[in-house]
Amino acid sequence: MIPLSWYLLVAAALFCIGLYGLFVRRNAVAILMSVELLLNAVNINLIAFWRYNAPDRSVGLAWAVFVLTVAAAEAAVGLALIISVYRNRDSVVAEELDLLKN
Amino acid sequence: MDFLQDNLLNLVIFFPLLAALIVFLLPEDEKELIRRMALGLSLAPLGLVLIMWFTYDRYDAGIQFAVFAEWFPAIGSNYHMGIDGISLSMFLLTTLLTPLAILASFTIQEKVRMYMSLFLVMEMAMLGLFASLDLMIFFIFWEFGLVPMYFLIKIWGGKDRDYASFKFFVYTMAGSLGLLLSIQVMGIATGTFDIPTLMQTWVNLPAGGTLEGTGLPVDLVKTVAFWAYMIAFAIKVPIWPFHTWLPDAHTEAPTAGSMILAGVLLKLGAYGFIRLVIPLFPQQAHLTAGILATLGMLSIILGGYAAFGQWDFKRLVAYSSINHMGFVVLGIAVMAYVYGLPGSSTALTNDAIMATNGAVFQMFNHGLSAAAMFFLVGVIYDRAHTRDLKRFGGIWTIMPVFGTILIFTSMASLGLPGLNGFVSEFMVVRGTWGIFTVQLALSMLGLLMTGAYILKAIGETLHGPVKAEWRGLPDMTLREHLVIWPLMALMLSLGIWPQWVLVFINDTVTKLFG
Amino acid sequence: MTEQILQIMAWLVPAGPLLTFFLIMLFTKHNRTLSWMLAWAAIISSLVMGWLLAFNVFGQGYHYLEEQPIVVASAIDWLPFGDYAQGLWVRMGMAVDPLTAVMLIMVPFATTMIFIYSVGYHNYGQPRGTHVGEPNHGNEDPLIARFFALMSLFGGAMLLMVLADNLLLLFIGWEIMGFCSYSLIGFWYAREYPDPKEMPIPRIPPRKAAVKAFMTTRVADVLMLLGIVFFYRAFGTLSFSEAFSFEALQTATTVVGFGGLGIMTLLIFAGTVGKSAQWPLHVWLPDAMEGPTPVSAIIHAAAMVSAGVYLIVRIFPLIAVTIEGNPTVGVVIAIIGAFTAIMSATIAVAQNDVKGVLAYSTISQLGFMVAAIGIGAYVAAAFHLITHAFFKALLFLASGSVIHGMEHGALHVHDHHTDPQDMRHMGGLRQKMPRTFWTFLIGGMALSGLPFITAGFWSKDEIFADAWYQWVHDGKGLALLVFIMLAAAALLTAFYTMRQISLTFLGKPRSALAAHAHESNNYMTLPLIGLAVFAVAAGWFGIPDNFLGVEWGKINLFHHYVGATIYAVMADLYAAKLVAHKIFTLPFSWIPLLTSLTVALGGLFLGWWVYGRNPLQQGQPDPLKAPLGPVHTFLERKWYWDELYQKVFIGPTVYLSEKIVYEFVDRGLIDGLLHLIARVFYTIGYYMRRFEEVVISDGVDWIKDQFFVMAREFRQLQTGKIQEYTLVSMLFAVALAALVLLINYGWFARLLSSF
């Protein structure tokens, strides 16, 4: 088998790309996509550890499914929010959405 | 009837409180109703005291009608009340003067309801104090009596009422501070506040030892406590030089307020000496008896001179109270000297019995005559709206009945034999002669001045040609007669036949020294 | 008369008039007739009962009385004192012994005469006067009922004092009389006078005279009170019979000592000095003449002022023992009496007010009695007391009649400025007012001591006899001095009496008032006659047993009966050498008799020579004024005692009272101290409040403000931008992870240990 660390590296790379995207992208939808990347990177991490350390136990698998579910739900809610905000504010640029300032 | 017999003392003390409540619940604008209700209700304690008077056992002459109920067993304070001959006479005085004072107050027009309620509450406080046999209860009633008087002066008083009421209240309370501390010390040291018990346990504390729990020497504590008691009561009597609150308070108080203030409240201080100071601190009292006699002498002399120097009728009568209470103080000084005397001597004991009888009787007599004098000053003030003796003159021609009554009452105040003042003064003089001869001899100067200021008051008011501004002043009304005649009848009857009050006092005093 | 009836009468004698006072004041004040009738009824019943009691006593015979002086006695327990069983309670009551009996004859009689006189004096029956509290010349006094009430009170008090069996009850009667004196001197309380400097005879208004009387006697009374209390403590009783028993007195001389007894006696004697107007407390009596004349007659001549003498007569056993063991006391008493006698006699010579002369005459005669007691002449003093009461009351009533006549004249000629009491305006009244003249003459002669036919002669003579005897027989210089001084006083007495009679009655009227005077009504003149009888006859009860050297038998009834009062105790004391003399009959001597005759007749002659021979004309000055010059002014101004007292005692007292005791001490020092203490507390309170405001309040506020500043800074973190929030949380997460890793893998510890 290939070493665990390769999987972890891939997951870390994905995580960093996602993080970068989170901070840098202007479009709120793009930020959401970056969050998806973050979550999926975590998933890869989870599955890798599961496959390599305790494959007989279903804990890791269950956990990963959880994360997946949450990601999906969160994406749905997030998109719904963006649509609502776009309808009110006519913009999806994250920088301009600062109603909660102070 | 049984209920009455068993609870007589409690009824007498607390009925005025109930009366005050009833009066307080009446509507404010029903002034006549309030006045009559207050008067009627105030007669009930008098009736009850008369029952006490006739059921008192003279052979026993000790504490009777006693009541005991547990109150604060943790600190040793209980509701212990009782009456002996001395307190009984004070009870009679209080319950007699209150209805008369209320009747005298019928001319008050503002806040009648509050006025009457305050009077009745004050009556309760005074009665409660005279019956107290527990130091905490005594102190509670002592303080209780201050507050209504303060308000009476403050709200219904004369021009300088704010100053006078404040001075009266704070001065008396300042004295009470030491009193409270001393009471606490006694309670802690002996574990009880019960006066009859303390007369044994506190007095018999080993002299050289230390007070448990405090580590202080007994002698020091007793001396300090004694002086605290002495100052507190000296302010109340009042004894020179603690007397200056009295002229202001008496002058600014409403007529009936002055009647009760001079008639009863001053006696609380003297009573405190007789009931507490001397029995609880016999040695200290014996040692300071000379000082007390000297201060009594100064009260007589300086009170007399100051009264003679007055041109305000009411202030003159106020100073006359200091002058008369000085005799009470002389008698108390003799009592202090003999009660704490290490040995025993028949001659001195007889002196002390005579002097103490005289002092207590003087308390009773002065209560009557001072109340009467203040009332009469009020009568003329209601009509002339001034008390300035310089402006008065020739009133006898305009108000002949008032004039004659004023002369009669003044003679009682002056100590004319045949009237009550003389008897008590004679007794005090007789008792003091053998012990404080010098102070007594000098006090005669004060007695001389008594004549001077009384005659000044009568002369400036009644004698001389009629002054135009007083023409047409109406003579005394029926209500005013109803107030003064009982007092005059008592002054005369006690002057001719003092026995009927004096036997009660004498029996108790004889037992005290026996 | 059974014992019990006598006892009841003894109580009723004073009780009647006392009760009448209350009855009149309470019930009959508005009915004048009923009021004076009640007063008359009361005093007459006291007169009857008093005389019955007296005669019952005398009826026992003096031998019996010498053993048993107290004939009627009744007492009650009055003042509670200690255990009843110990018998200490003060007992008070009535006792009738010969001294009381003779007083019971004089007092009610004189009082009755005066009550009768007063009805006329106050013009009863005339139209009612309108000046309330002032004299209503010619009209009925509107306050006449009050007058009789007070007079009844007085009479009751005097009788109470006379019947009292103990010192306290005596003092009670004494003081009540003092009150009556005050009230009656000030009876015309509204009367006002112009400036004294503008008056020919300077006067003070009645109300001021009343205060003067009361206060002067009060000085004496407070000292007497001390004496009474000393007496009570020393003897253990106030009762005369118990204290003046031989055993009690003998014990007192050792237990109390003569020094103590001396103080006791002098203190009680002080009461007499005040009440009987002796020097130095004599100043009130002349001004007491401002009262209506009946008052002057009874209170200030017959009864109250003689009460002072009665007192020292009553306590004579004590005095006798004291002056024997402590002669200074005797000197004090005797010299005060003698000096007063002669001093006031000199003043009387220069007085122009008809009542003024009589006032000073009274003071003088009382001095005689006091001096007599001072040298131990018990019976002589008592005798002169009785006779003097009769003729002095007579003289005063007669002078009141004179004044009434003058006032009538004043009304007639509408002159309200001339003083009707000024003798310089009188004259010729002998023709206008004959009854008054003759009775006045009898009284005047009695006062001067006209031999044999007037009472004053016998009583004065006895004093001289006693003094002379003590000088000759005992060699007492004090007695000689008293003799000489009293003789001189007696000479002056006769002189000024003749002067007074001449000025008032002889010659021609010197003013329109006198010219239009007429005799007074019967109410006033009949009592004069009644008293005149006694002024003549009362002396005959005291004619010495051995008068003129002849043994007439026991004719000196007064001596034997009144002397019996203390006969037994004095005999015992004499036997124990505690007193100089017992009660005994003096051997006759010509010297005192001749002296009496000389001074009496000589004085009358001199008075007639100067004033009566050529009676004064209108406007003519007093013949003594020129020769005596400033001395006369000194006498006329009464030796300036009033001015001295005003300057030394009264003025300073007023100043002391108003300015020093009240303003300086009470308001300045004591209240000043209190106000200072109050200010200190106020200041403390002020600074505590400032502390609270600045330190606590403001401090807390500052902390609150700092929080707000901090919050404002932190709020800047809230930019509202999601990406910035995420950045911050990421950084925090990394930092936290690093910290956890550092701690867990010991890198933190290794980092720390490298320091």
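Look up a bit, the structure's there.
This is a predicted model, so every value here is computed, not measured.

Observations regarding unusual backbone geometry
Moving on, step 1. The amide bond that connects V237(B) to the next residue, P238(B), takes the cis arrangement and shows omega of -10°.
Moving on, step 2. Along the chain, P238(B) turns up in the loop between α10 (218–236) and α11 (245–252).
Moving on, step 3. Residue P241(B) follows W240(B) across a cis peptide bond; omega there is 0°.
Moving on, step 4. Its location among the elements puts P241(B) in the loop between α10 and α11.
Moving on, step 5. Backbone geometry at D90(A) places phi at a positive 60°, although glycine is not the residue there.
Moving on, step 6. Along the chain, the position of D90(A) falls in the segment after α3 (59–89).
Moving on, step 7. With relative accessibility at 61%, the residue D90(A) sits in the exposed group.
Moving on, step 8. Unusually for a residue other than glycine, F65(B) sits at a positive phi of about 55°.

Some words on the side chain of E252(B)
Residues and elements named next belong to chain B.
Moving on, step 1. Along the polypeptide, E252 turns up in helix α11.
Moving on, step 2. One buried charged residue, E252, forms no salt bridge at all, with the nearest opposite charge on R315 at 4.5 Å.
Moving on, step 3. Other than its neighbours up to four places away in sequence, E252 contacts I153, G157, G158, K159, D160, R161 and A164.

Quick notes on the interface of chain B and chain C
Moving on, step 1. If you look at the interface, chain B gives 70 residues, while chain C gives 56 residues.
Moving on, step 2. With both chains or domains summed, chain B and chain C bury close to 5400 Å², and 73% of this area falls on carbon and sulfur atoms.
Moving on, step 3. Taken as a group, F426(B), W433(B) and L455(B) account for 13% of the area that chain B buries against chain C, more than any other trio of residues on that side.
Moving on, step 4. Viewed at the interface, chain C and chain B are joined by two salt bridges.
Moving on, step 5. D671(C) is paired through a salt bridge with K167(B); the nearest N and O atoms lie 2.8 Å apart.
Moving on, step 6. Seen at the junction of chain B and chain C, the total is 17 residue pairs in polar contact (both at pLDDT 80 or more).

Re the interface of chain A and chain C
Moving on, step 1. Between chain A and chain C, the residue contacts involve 13 residues of the former and 11 residues of the latter.
Moving on, step 2. Summed over both sides, the interface between chain A and chain C buries roughly 1000 Å², with carbon and sulfur atoms accounting for 65% of that surface.
Moving on, step 3. Across the chain A-chain C interface, the total number found is three residue pairs in polar contact (both at pLDDT 80 or more).
Moving on, step 4. The greatest single-element share of the side of chain A that touches chain C, amounting to four residues, is contributed by helix α1 (residues 4–24) of chain A.
Moving on, step 5. When its residues are assigned to classes, the side of chain A that touches chain C shows eight nonpolar, one polar and four charged.

Criteria and thresholds
Residues numbered from 1 in each chain as written. Chains lettered and ligands numbered in written order. Predicted model: local features only at pLDDT ≥ 70, side-chain atom pairs only at ≥ 80, totals over all residues. Heavy atoms only, no water. Helix = DSSP H or I, 4+ residues; strand = E, 2+ residues; numbered from the N terminus. Buried < 20%, exposed > 50% of the residue type's maximum accessible area, 1.4 Å probe, protein only. Lys, Arg positive; Asp, Glu negative; His and termini not counted. Salt bridge = Lys/Arg side-chain N within 4 Å of Asp/Glu carboxyl O. Contact = heavy atoms within 4.5 Å. Buried area = accessible area lost by both parts, 1.4 Å probe. Polar contact = N/O pair within 3.5 Å; in protein donor to acceptor, adjacent residues only side chain to side chain. Nonpolar A, V, L, I, M, F, W, Y, C, P; charged D, E, K, R; others polar.

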